[in-house]
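Descriptive analysis of the structure
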Amino acid sequence: MALLDKFEKYDLLFGPSPISKFENLAKELGGKVNIYAKREDRNSGLAFAGNKLRKFEYIVPEIIAGDYTHIVSIGGIQSNQTLMTIATACKLGLKAVTVQENWVPIPEAEKATYDKVGNIEAARILGGDVRLVPDGFDIGMRKSFEEALQELTSQGFKPYPVPAGCSEHKYGGLGFVGFADELIKQEKEMGIKFDKIVVCCVTGSTAAGIFVGMAQYGRENDVIAIDASGKPEKTFEQTLRIINHTSEILGLGKKFDTFNFDTRFGGPVYGIPNEGTIEAIKLLGKTEGTLTDPVYEGKSMQGLIELVKEDKFEKDSNVLFVHLGGASSLSAYQSYFS
Ligand SMILES: *Cc1c(COP(=O)(O)O)cnc(C)c1O
């Protein structure tokens, strides 16, 4: 029995997410390694899918059991977290309130449309109560979030708070522990071992979950987290805290004091791509016909590409890119591609 089985789960995904092979990209990079991608960007029929739903699967049972009326969450204007909170609330027949802050120094060329297109357009279509707030980027608990909760409570509602990226939620890391269990099964079916797993990291529970999940098999050092926060000290500290918390509630009986974390690609700041990010997005698009975004996956793909170029992976090893979704924000970044 898997350690995760003692936790209740509510299905929001299609099932195991598919794995594609990026042969053209691998060839373009010199044929040194095999590159695969686990497609969390194609894991569900809700909105634009993605990693947040896998986290919600272990949070929803408490929401249902507690008779809550609203799910409240927080993110930037083009947040995937807030959109997927709204989609989850739709599925459960509940309401959602999302606090969306000014986390990104919006480029001049995007200012007219940044708060109208992409994820926020989708959020409005799904009937979300979207609240734009001018505060800046922070992955922790926020005042505007507390205020939204208090307001709903004073109106007689019962709001359920979900922190940024689900990460500081007590069960935020569990979904991606399940990802690791799923991957181990897929390895057996495919007759392959993924030597390294490259994953984007900002609020931390995705990478933390995969790390703890792989630690069950003694393979936590195979996980390479790529910073996309532009504030790597804070992301490192939060991710490590989630790793140890998740390990503890799972009953793994292990404590950790570090994890592989590459901080070179998160700049210039959260939500703004650097030159290499845009090149990585274009290279993956051109070679594989697959889309990534300038906020998250463009940066982790940039990291993967650089690590291949630097010969950081053993020759002929199998490298797994975890595609967490997010391409739905691309229309808010049109100026980088026109
Ligand atoms: C939220 C998100 C991430 C970052 O995951 P964390 O668990 O916050 O570290 C990466 N990619 C996409 C597409 C996301 O939506």
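Residues numbered from 1 in each chain as written. Predicted model: local features only at pLDDT ≥ 70, side-chain atom pairs only at ≥ 80, totals over all residues. Heavy atoms only, no water.

From N to C terminus, the protein includes eleven helices and ten strands. Relative to its length of 338 residues, the protein is compact, with a C-alpha radius of gyration of 19 Å against a globular reference of 20 Å. Counting only C-alpha atoms, the protein reaches 60 × 50 × 35 Å along its principal axes. A burial count over the protein gives 61% of its 338 residues as buried. Within the protein, contacts between residues separated by at least 24 positions form 78% of all contacts whose residues are at least 6 apart in sequence. When the accessible surface of the protein is totalled, it reaches about 13600 Å², and 51% of it is carbon and sulfur. (Helix = DSSP H or I, 4+ residues; strand = E, 2+ residues; numbered from the N terminus. Rg over C-alpha atoms; globule rule 2.2 N^0.38 Å. Buried < 20%, exposed > 50% of the residue type's maximum accessible area, 1.4 Å probe, protein only. Contact = heavy atoms within 4.5 Å. Areas by Shrake-Rupley, 256 points an atom, 1.4 Å probe, with all protein chains shown as cover.)

It is worth spelling out the UniProt feature "modified residue: N6-(pyridoxal phosphate)lysine" (unreviewed entry) in the protein at this point. Here, the residues flagged by UniProt with the feature "modified residue: N6-(pyridoxal phosphate)lysine" (unreviewed entry) are K52. Tracing the backbone shows K52 in helix α2 (residues 51-56). Setting aside residues up to four positions removed in sequence, K52 forms contacts with N80, Q81, M84, G165 and C166. (UniProt positions renumbered as here; feature names shortened; annotations may be inferred.)

This part is about the pattern of salt bridges. Within the structure shown, the criterion is met by 23 salt bridges. Between K143 and E147 there is a salt bridge, with its nearest N and O atoms 3.7 Å apart. Separated by four residues within a single helix, K143 and E147 lie in helix α6 (residues 143-154), roughly one turn from each other. Of the residues examined, E147 reaches a relative accessible area of 43% and is grouped as partly exposed. One salt bridge in this structure joins R264 and E310, with 2.7 Å as the shortest N-O distance. In this pair, R264 is assigned in the loop between β9 (260-262) and α10 (275-288) and E310 in the loop between α11 (297-309) and β10 (318-323), connecting sequence segments 46 residues apart. Put simply, K38, E40, R54 and E182 are held in one network by salt bridges that share partners. (Salt bridge = Lys/Arg side-chain N within 4 Å of Asp/Glu carboxyl O.)

On to the domain arrangement of the protein. How large an interface is tends to be reported as the accessible area lost when its parts come together. Considered domain by domain, the protein is made up of domain 1 (3-46 + 170-336) and domain 2 (52-166). Between the C-alpha centres of domain 1 and domain 2 the distance comes to 23 Å. The junction of domain 1 with domain 2 conceals about 3500 Å² of combined surface from both sides, 61% of it contributed by carbon and sulfur atoms. At the junction of domain 1 with domain 2, the criterion picks out four salt bridges. Between E62 and K170 there is a salt bridge, with its nearest N and O atoms 2.7 Å apart. Run the count over domain 1 and domain 2 and you get 14 residue pairs in polar contact (both at pLDDT 80 or more). Taken together, the elements giving at least two residues each to the side of domain 1 that touches domain 2 come down to α7 (174-190), α8 (205-215) and α9 (232-250). Here the side of domain 1 that touches domain 2 is built from residues that sort into 18 nonpolar, 19 polar and nine charged. (Domains from an automatic or database assignment. Buried area = accessible area lost by both parts, 1.4 Å probe. Polar contact = N/O pair within 3.5 Å; in protein donor to acceptor, adjacent residues only side chain to side chain. Nonpolar A, V, L, I, M, F, W, Y, C, P; charged D, E, K, R; others polar.)

A few words now on the environment of G136. Looking at where G136 falls in the secondary structure, it is placed in the loop between β5 (129-133) and α6. Residue class for G136 comes out partly exposed when judged on its relative accessible area of 35%. For the pair G136 and N102, spaced 34 residues apart in the sequence, the C-alpha separation amounts to 5.1 Å. Ignoring anything within four residues of it in the chain, the contact list for G136 reads E101, N102, W103 and R142.

Taken together, 16 residues sit near the ligand, with K52, K55, T203, T206 and E297 positioned nearest. At 2.8 Å, a backbone N or O of V202 approaches an oxygen atom of the ligand. E297 places a side-chain nitrogen or oxygen 2.6 Å from a nitrogen atom of the ligand. Here the ligand loses 98% of its free accessible area of 380 Å² to cover by the protein chains. Those elements that place two or more of their residues in the shell around the ligand are α2, β7 (196-201) and α8. When residues of the shell around the ligand are assigned to their parent elements, the largest contribution, three residues, is made by α2. (Near = heavy atom within 4 Å.)

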